[in-house]
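Fold and contact review
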Amino acid sequence: MNFTFLGTGTSHGIPMIGCSCGVCRSTNPKNKRRRCSLYVVAAGKHLIFDTPPDFREQVLTYGVARVDAVFITHPHADHIFGFDDVRRFSTLQEQHIPVYGSPETIAKMHRKFDYVDKGYNFESVPRVRFTEQTEPVFVGDARITPLPVSHGPDSIYGFLIEAEGKRLAYIPDCNGIPPETLALMKTPDAVILDGLRPSPHPTHFTTDQCAEQLKKIGAKQSFITHITHNWDHRELQTYLGDAVTVPWDGLHIEL
Ligand SMILES: [Zn+2]
Ligand SMILES: [Zn+2]
Ligand SMILES: [Zn+2]
């Protein structure tokens with residue numbers, strides 16, 4: 001299994017519009033963060049987790065080859081508003097692409113992308129099968145299990161991806177992990193978790209809360225994501241030490 005971070009930034013992205021702080025003005029490419037998305041190749045299947053507003057540019061920059069299934073963690077704008085560009089893949093692959101999410105997420109996808117359900121010609125809209133997911137699903141031999149977590153007042157999904165004897169947990173937006181979800185994860189080979197910024201936020205883990213949760217999960221490799229302009233890449237990596245890797249857009253990991 002391998003995965004590529006297509007985006008590691010918070011909802012604003014970095015640089016943030018109209019900000020002239022040191023991180024937003026930084027020339028270090030690791031300080032340029034698109035909105036969160038993950039590209040996983042598992043058992044030969046190409047899986048996308050969230051389609052943020054930057055999705056088209058992320059696909060072009062990091063060479064997403066095809067898309068066998070899309071998983072949506074939750075329907076916040078920073079996670080879904082690049083969804084229309086899935087249509088290039090349904091056109092190229094001449095097939096309907098399954099799109100999985102919780103029943104609440106799928107209901108909102110139908111509303112926000114109502115034109116997708118209408119019968120325009122094949123190249124005009126994404127050809128997808130919106131599918132409510134409450135149990136593990138298989139895409140080929142890759143098994144994807146929903147990981148319910150708190151995101152402020154909402155219960156949303158992270159996902160556990162299992163293939164070829166490897167296990168990866170992806171939880172980009174979260175401020176609470178219930179014990180049942182921790183139990184589902186067991187000890188993954190890699191985990192990627194929301195760690196927004198140093199100061200408290202009503203719907204996201206802080207940097208310290210994220211580090212604490214990552215320690216509790218005890219994966220072989222731990223990553224923080226959904227990062228704000230409050231952190232310079234190098235300073236955050238120094239702050240977190242060896243236990244947690246601070247990713248950047250385009251980081252590719254082989255498990
Ligand atoms: Zn988000
Ligand atoms: Zn800034
Ligand atoms: Zn969110």
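Residues numbered from 1 in each chain as written. Chains lettered and ligands numbered in written order. Predicted model: local features only at pLDDT ≥ 70, side-chain atom pairs only at ≥ 80, totals over all residues.

Turning our attention to the nonpolar core. Of all hydrophobic cores here, the largest spans 64 residues; its most connected members are Leu38, Val40, Leu47, Phe71, Phe159 and Ile161. With six residues, the top contributor of residues to this core is strand S9 (residues 154–163). Among residues more than four places away in sequence, those in contact with Val40 are Met1, Phe3, Leu47, Phe49, Ile161 and Leu168. (Core = buried A, V, L, I, M, F, W, Y, C linked by C-beta atoms within 7 Å. Buried ≥ 20, exposed ≤ 12 C-beta atoms within 10 Å, placed from the backbone. Helix = DSSP H or I, 4+ residues; strand = E, 2+ residues; numbered from the N terminus. Contact = placed C-beta atoms within 7 Å.)

In this section: the sheet that holds strand S2 (residues 37–42). The strand order across the open sheet built from seven strands is S6-S5-S4-S3-S2-S1-S13, with neighbouring strands paired in mixed fashion. Strands at the two margins of the open sheet, each flanked by one partner only, are strand S6 (128–132) and strand S13 (252–254). On average, adjacent strands in this sheet sit at an angle of 20° to one another, irrespective of strand direction. Where S2 and strand S3 (residues 45–49) come together, five bridges link them in antiparallel fashion. (Pairing = 2+ DSSP bridges. Axes fitted to C-alpha atoms, helices over the stretch in contact; angles between N-to-C directions.)

What follows is about the sheet that holds S9. Spatial strand order, S7-S8-S9-S10-S11-S12: six strands in an open sheet with mixed pairing. Two strands in the sheet have a free side with no partner beyond their single neighbour: strand S7 (137–139) and strand S12 (221–225). Ignoring which end each strand starts from, the neighbouring axes of this sheet average 25° apart. Here helix H6 (residues 207–217) sits on the sheet and contacts strand S11 (190–194) and S12; the angle it forms with S11, its principal contact strand, is near 155°.

Once that is clear, we can look at the environment of Pro202. One can find Pro202 in the loop between S11 and H6. On a C-alpha basis, the gap between Pro202 and Cys174 in space is 9.9 Å, while along the polypeptide they are 28 residues apart.

Function cannot be read off these values alone, since they describe shape.
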